[in-house]
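Each chain, written out:
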Amino acid sequence: MNLSQLHAQATAYARTAPMPVLFIGHGSPMNALEDNPFTRMLRQLGTELRQHQQPNAILVVSAHWLTRGTFVTTNQQPKTIHDFGGFPQALFDMRYPAPGSPALAQSILEHVHDVHGAADWGLDHGTWTVLHHLYPAANIPVVQLSLDYAKPLAWHFDFARQLQFLRERGVLIIGSGNLVHNLRLSMPKLMAGDDSPYAWATEFDEWIKARLLNGDYRALTDYAATGPAGPLAVPTPDHYLPALYPLGLAGKNEPIKQLFEEVNYGGLSMRTFMIG
């Protein structure tokens with residue numbers, strides 16, 4: 001059996017036109033509750049996606065599931081994980097009761113190299129706070145894929161390509177993180193109610209945008225090339241890595257659309273884009 005035949009058997013879903021891929025700058029968990037320009041964009045995007053092509057399932061790569069090795073959720077009913085503290089009770093009371101998809105997880109286990117099953121994870125806030133706005137009915141199966149934190153950036157970019165076949169089976173793949181994410185330097189501005197960006201954060205975000213618009217996606221696996229702005233914008237790669245999955249999945253000359261552009265509270269980029 002050749003590779004295309006294996007992929008044809010990868011899920012029970014019928015072949016579809018290629019689904020788009022998304023990167024969402026998810027920001028604060030409070031976005032799950034708030035009505036602001038970012039959440040209104042998500043709701044409008046969800047409406048447009050449902051009208052164009054309702055996904056059979058959703059695969060999310062979230063900044064908040066870091067592992068040694070790569071894992072995929074296999075549970076039938078993933079729990080809503082409240083992996084944060086210090087927020088209003090209303091946020092902890094929220095649930096996103098979407099079903100899982102053991103069948104989709106199994107197909108990933110069988111056809112993507114070096115992935116392991118995990119039944120002890122659910123939907124962390126990098127997933128459910130955005131899906132709450134995109135697909136509020138919570139009626140589409142959701143599976144999460146972890147980030148192997150021991151691997152270099154280029155590895156994630158290349159690894160993502162193995163997921164390409166899922167796009168042709170109606171699976172919407174989403175990376176959820178933030179391209180600029182320096183909470184330590186953002187907290188003083190947040191506490192002061194100052195949402196203006198630092199110059200280095202704007203510089204780095206614009207560097208990202210230029211490479212996205214030029215289609216130079218692989219250059220984003222070396223953010224240190226930006227000079228001093230890089231380590232300030234990405235002090236740790238956890239929130240940056242999810243962007244490499246939609247970028248690695250992008251086909252040649254596929255259109256890219258900047259859905260949201262904002263750097264706030266000093267060093268937090270909400271940049272969100274769609275490919276395809």
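Cut-offs applied
Residues numbered from 1 in each chain as written. Predicted model: local features only at pLDDT ≥ 70, side-chain atom pairs only at ≥ 80, totals over all residues. Heavy atoms only, no water. Buried < 20%, exposed > 50% of the residue type's maximum accessible area, 1.4 Å probe, protein only. Helix = DSSP H or I, 4+ residues; strand = E, 2+ residues; numbered from the N terminus. Pairing = 2+ DSSP bridges. Phe/Tyr/Trp six-rings, centres within 6.5 Å; stacked < 30°, edge-to-face > 60°. Contact = heavy atoms within 4.5 Å. Salt bridge = Lys/Arg side-chain N within 4 Å of Asp/Glu carboxyl O. 1 Å grid on protein atoms, 1.4 Å probe; cavity = no way out; pocket = protein on both sides within 12 Å on 5 of 7 lines; lining within 4 Å. Points joined across faces, edges and corners; volume = space filled by probe spheres on them. Patch = residues over 30% accessible without salt bridge, like charges linked within 9 Å, V, L, I, M, F, W, Y side chains within 5 Å. Areas by Shrake-Rupley, 256 points an atom, 1.4 Å probe, with all protein chains shown as cover.

(A) Region of interest: the pairing of strand β1 (residues 21-25). The buried count for β1 comes to 5 of 5 residues, which makes it a mostly enclosed element. The two faces of β1 match: Val21, Phe23 and Gly25 on one face and Leu22 and Ile24 on the other face are all buried. Direction of pairing for β1 relative to strand β6 (residues 171-177): parallel, over a ladder of 5 bridges. By the bridge assignment, Leu22 is partnered in β6 with Ile174.

(B) Representation of the packing of aromatic side chains. Following the criterion strictly, the structure yields 12 aromatic pairs and no others. With a centroid separation of 5.5 Å and 65 degrees between ring planes, the pair formed by Phe38 and Phe260 is classed as edge-to-face. With Phe38 in helix α2 (residues 37-52) and Phe260 in strand β7 (residues 256-260), this pair connects stretches of sequence that are 222 residues apart. Side by side, Phe38 and Phe260 carry an identical accessibility label, which is buried. Aromatic pair Phe84 and Trp128: ring centres 6.4 Å apart, planes at 50 degrees, arrangement tilted. Taken as a pair, Phe84 in the loop between β3 (70-73) and α3 (89-93) and Trp128 in helix α5 (residues 125-134) lie far apart in primary sequence, 44 residues in all.

(C) Just the environment of Leu249, in detail. Topologically, Leu249 is positioned in helix α11 (residues 244-249). Residue Leu249 is classed as buried on the basis of its relative accessible area of 1%. Sequence spacing of Leu249 and Ile81 is 168 residues, and the spatial spacing of their C-alpha atoms is 27 Å. Those residues within four positions of Leu249 in sequence are excluded, and the remaining contacts are Val21, Ala160, Arg161, Leu163, Gln164, Arg167, Ile173 and Glu254.

(D) Here's a closer look at the pattern of salt bridges. Applying the stated criterion across every chain, the model contains 10 salt bridges. The closest approach of N and O atoms between Glu168 and Arg15, which form a salt bridge, is 3.0 Å. Of this pair, Glu168 sits in the loop between α7 (164-167) and β6 while Arg15 sits in the loop between α1 (3-8) and β1; the two residues are 153 residues apart in sequence, bridging distant segments of the chain. With its nearest N and O atoms 2.8 Å apart, the salt bridge here joins Asp35 to Arg43. Among the residues examined, Arg43 registers a relative accessible area of 32% and is labelled partly exposed. Among the charged side chains, a salt-bridge network with shared partners connects Asp205, Lys209, Glu261 and Arg271.

(E) Spotlight on the layout of surface pockets. What the largest pocket holds in volume is close to 640 Å³. Considering the residues around the largest pocket, the lining is formed by 27 residues, among which Gly27, Ser28, Pro29, Tyr265 and Leu268 are closest to the centre. Taken together, the elements giving at least two residues each to the lining of the largest pocket come down to α2 and α8 (183-192). A total of 4 residues in the lining of the largest pocket trace back to one element, the largest contributor, which is α8.

(F) Up close: unusual backbone geometry. Backbone geometry at Asp114 places phi at a positive 60 degrees, although glycine is not the residue there. Within the chain, Asn253 stands out as a residue other than glycine whose phi angle is a positive 65 degrees.

(G) Broad picture of a nonpolar patch on the surface. Judged by side-chain polarity, Leu183, Met187, Leu190 and Met191 come together as a nonpolar surface patch covering roughly 410 Å² of accessible area. Considering the arrangement of structural elements, one finds Met187 in helix α8. According to the relative accessible area criterion, Met187 is partly exposed, its value standing at 37%.

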